[in-house]
Amino acid sequence: MARPRLLTALILATAFLAYGALAQMPPAIATPDEEIVATFRAEGAQIYECKPGNDGKLAWVFREPIATLLLDDKTVGRHYAGPTWEHRDGSAVSGKAVGNAPGAMVNDIPWLKLDVVNRRGSGTLADVTTVQRINTHGGTAQGACDQAGAFRSVPYSADYVFLSKRK
């Protein structure tokens, strides 16, 4: 009799933890009507360029990401300007940011929700409609830029969640 109770307790605990993880997703990037297709860890850099702002002062301006997409510590794709995510099976999506939430720390780039605006291929990413960038670490350019045209590469990591409309 103790076994069924233990099993029930484990199932309830797992459901509670899963619900808690979902409940912590910031509303600005939530996707309640979509299901997860894949989740990959990205490790790479955010590239910034030193440019004059509207006030004439030099500031770091985001240029592009360069990252490797990983699954179980194995390379499965890449992430680059567009923004674009390309899987090793040839499928790829590009997105446009439609929502954001702050990262956990001041040096963490924001969490994002991106609508897919372009796709190619028939593999893993073929049916993806939304991409979320979550669990960011690093990536924010810090410090002064003193020379227009200079570049700064800032290491970052994040999880990219690829979602599609429920069928």
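Structure: see above.
A. Just the packing of aromatic side chains, in detail. Going through the model one piece at a time under the given rule, you end up with four aromatic pairs. Judged by centre distance (5.6 Å) and plane angle (55°), the rings of F40 and F162 are tilted. Of this pair, F40 sits in strand β1 (residues 34-52) while F162 sits in strand β8 (residues 151-165), placing them 122 residues apart in sequence. Side by side, F40 and F162 carry an identical accessibility label, which is buried. Through pairs of rings, three or more aromatic residues link up here, namely F40, W85, Y160 and F162.

B. Structural view of the pattern of salt bridges. Here the structure, examined in full by the defined rule, presents six salt bridges. Residue E86 pairs with R78 through a salt bridge whose shortest N-O separation is 3.4 Å. For E86, a relative accessible area of 18% puts it in the buried group. When its relative accessible area of 43% is taken as the criterion, R78 is described as partly exposed. For E86, the salt bridge identified is with R120, shortest N-O distance 2.6 Å. A residue pair is termed long-range when its members are at least 10 positions apart, and E86 in strand β4 (residues 84-87) and R120 in strand β6 (residues 111-120) qualify at 34 residues. Within the structure, one salt-bridge network assembled from shared partners comprises E49, R63 and E64.

C. Up close: the sheet that holds strand β7 (residues 130-138). What the eight strands build is a closed barrel, ordered β1-β2-β3-β4-β5-β6-β7-β8; its pairing is antiparallel. Put simply, the sheet's adjacent strands are angled 30° from each other on average, direction ignored. Of the pairings in the sheet, the one linking strand β2 (residues 58-71) to strand β3 (residues 74-80) comprises five bridges and is antiparallel in character. Along β3, the bridge assignment pairs T68 with R78.

D. Summary view of the environment of R119. Mapped onto the secondary structure, R119 falls in strand β6. Taking the relative accessible area as the measure of exposure, R119 reaches 40% and is therefore partly exposed. For the pair R119 and G95, spaced 24 residues apart in sequence, the C-alpha to C-alpha distance is 9.0 Å. Residues within four places of R119 in sequence aside, it is in contact with A92, V93, A126, V128 and T129. For R119, the side chain forms a polar contact with the main-chain oxygen of A126, separated by 3.1 Å. Here V128 takes part through its backbone oxygen, which lies 2.3 Å from a polar atom of the side chain of R119.

Calculation notes
- Residues numbered from 1 in each chain as written.
- Predicted model: local features only at pLDDT ≥ 70, side-chain atom pairs only at ≥ 80, totals over all residues.
- Heavy atoms only, no water.
- Phe/Tyr/Trp six-rings, centres within 6.5 Å; stacked < 30°, edge-to-face > 60°.
- Helix = DSSP H or I, 4+ residues; strand = E, 2+ residues; numbered from the N terminus.
- Buried < 20%, exposed > 50% of the residue type's maximum accessible area, 1.4 Å probe, protein only.
- Salt bridge = Lys/Arg side-chain N within 4 Å of Asp/Glu carboxyl O.
- Pairing = 2+ DSSP bridges.
- Axes fitted to C-alpha atoms, helices over the stretch in contact; angles between N-to-C directions.
- Contact = heavy atoms within 4.5 Å.
- Polar contact = N/O pair within 3.5 Å; in protein donor to acceptor, adjacent residues only side chain to side chain.

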